[in-house]
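# Descriptive analysis of the structure
Read off the chains here:
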Amino acid sequence: MLMLAKSFSPALPSDYVICGNYIDLHSSIIFDNLIEQPFMLKKGYQASIEYELAIWGDEKLTHDQIIDIGKKSIKAGTLVFE
């Protein structure tokens with residue numbers, strides 16, 4: 001899975017983790033060092049993010065190609081598949 005995330009509001013440091021149950025492909029945002037317990041934001045807290053998501057193809061796609069797609073996508077501000 002490839003995800004390009006941008007336009008965080010508010011601009012907070014975060015990490016993405018794939019669902020710990022590995023049942024599906026949703027992701028969780030963990031706000032580092034900003035809250036006492038991950039996933040426990042105060043009532044009324046609001047945040048937004050823009051993202052693009054893609055599920056990649058077959059076994060021919062290499063690790064290096066994925067890294068290259070990521071670098072080009074960050075530079076372009078959109079997912080880039082060439």
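Residues numbered from 1 in each chain as written. Predicted model: local features only at pLDDT ≥ 70, side-chain atom pairs only at ≥ 80, totals over all residues. Heavy atoms only, no water.

### Topic: the pattern of salt bridges
For the structure on display, the rule yields two salt bridges. Here K72 ties to D68 by a salt bridge, and the two come within 3.1 Å at their closest N and O atoms. Taken as a pair, K72 and D68 lie in helix 1 (residues 63-76) at a separation of four residues, close to a single helical turn. (Salt bridge = Lys/Arg side-chain N within 4 Å of Asp/Glu carboxyl O. Helix = DSSP H or I, 4+ residues; strand = E, 2+ residues; numbered from the N terminus.)

### A few points about helix 1
Under the 1.5 Å per step criterion, the end-to-end length of helix 1 is 20 Å for 14 residues, consistent within 8% with the ideal 20 Å. G77, located one to two residues past helix 1, shows a positive phi value of around 80 degrees. (Expected span 1.5 Å × (residues − 1).)

### Focus on a nonpolar patch on the surface
Side chains of M3, Y51, L53 and I55 sit close together on the surface and give an oily, nonpolar patch of about 410 Å² of accessible area. Mapped onto the fold, L53 is located in strand 4 (residues 48-54). Residue L53 is classed as partly exposed on the basis of its relative accessible area, which comes to 45%. (Patch = residues over 30% accessible without salt bridge, like charges linked within 9 Å, V, L, I, M, F, W, Y side chains within 5 Å. Areas by Shrake-Rupley, 256 points an atom, 1.4 Å probe, with all protein chains shown as cover. Buried < 20%, exposed > 50% of the residue type's maximum accessible area, 1.4 Å probe, protein only.)

### Details of unusual backbone geometry
Of note in this structure, S7 is not a glycine but carries a positive phi near 60 degrees. Relative to the helices and strands, S7 resides in strand 1 (residues 2-9).

### With respect to the layout of surface pockets
The volume enclosed by the largest pocket comes to roughly 260 Å³. Around the largest pocket sit M1, L2, M3, L4, A5, I66, I67, I69, G70, S73, I74 and L79, which together line it. Elements with a minimum of two residues in the lining of the largest pocket: strand 1 and helix 1. In terms of residue count, the dominant contributor to the lining of the largest pocket is helix 1 (six residues). (1 Å grid on protein atoms, 1.4 Å probe; cavity = no way out; pocket = protein on both sides within 12 Å on 5 of 7 lines; lining within 4 Å. Points joined across faces, edges and corners; volume = space filled by probe spheres on them.)

### Considering the environment of Q46
With respect to the helices, strands and loops of the structure, Q46 is situated in the loop between strand 3 (27-31) and strand 4. A relative accessible area of 67% means that Q46 is categorised as exposed. Ignoring sequence-local partners within four residues, the contact set of Q46 consists of S9 and P10. (Contact = heavy atoms within 4.5 Å.)

### What to know about the confidence of the model for the chain
Considering every residue of the chain, the mean pLDDT works out to 77; 65% of them sit at 70 or more. Summarising per-element confidence for the chain, the mean pLDDT is lowest in strand 3 (66) and highest in helix 1 (90). (pLDDT = per-residue confidence, 0-100.)

### Section: the side chain of S73
Its place among the elements puts S73 in helix 1. A polar side-chain atom of S73 sits 2.9 Å from the main-chain amide nitrogen of V80. Ignoring anything within four residues of it in the chain, the contact list for S73 reads L4, T78, L79 and V80. (Polar contact = N/O pair within 3.5 Å; in protein donor to acceptor, adjacent residues only side chain to side chain.)

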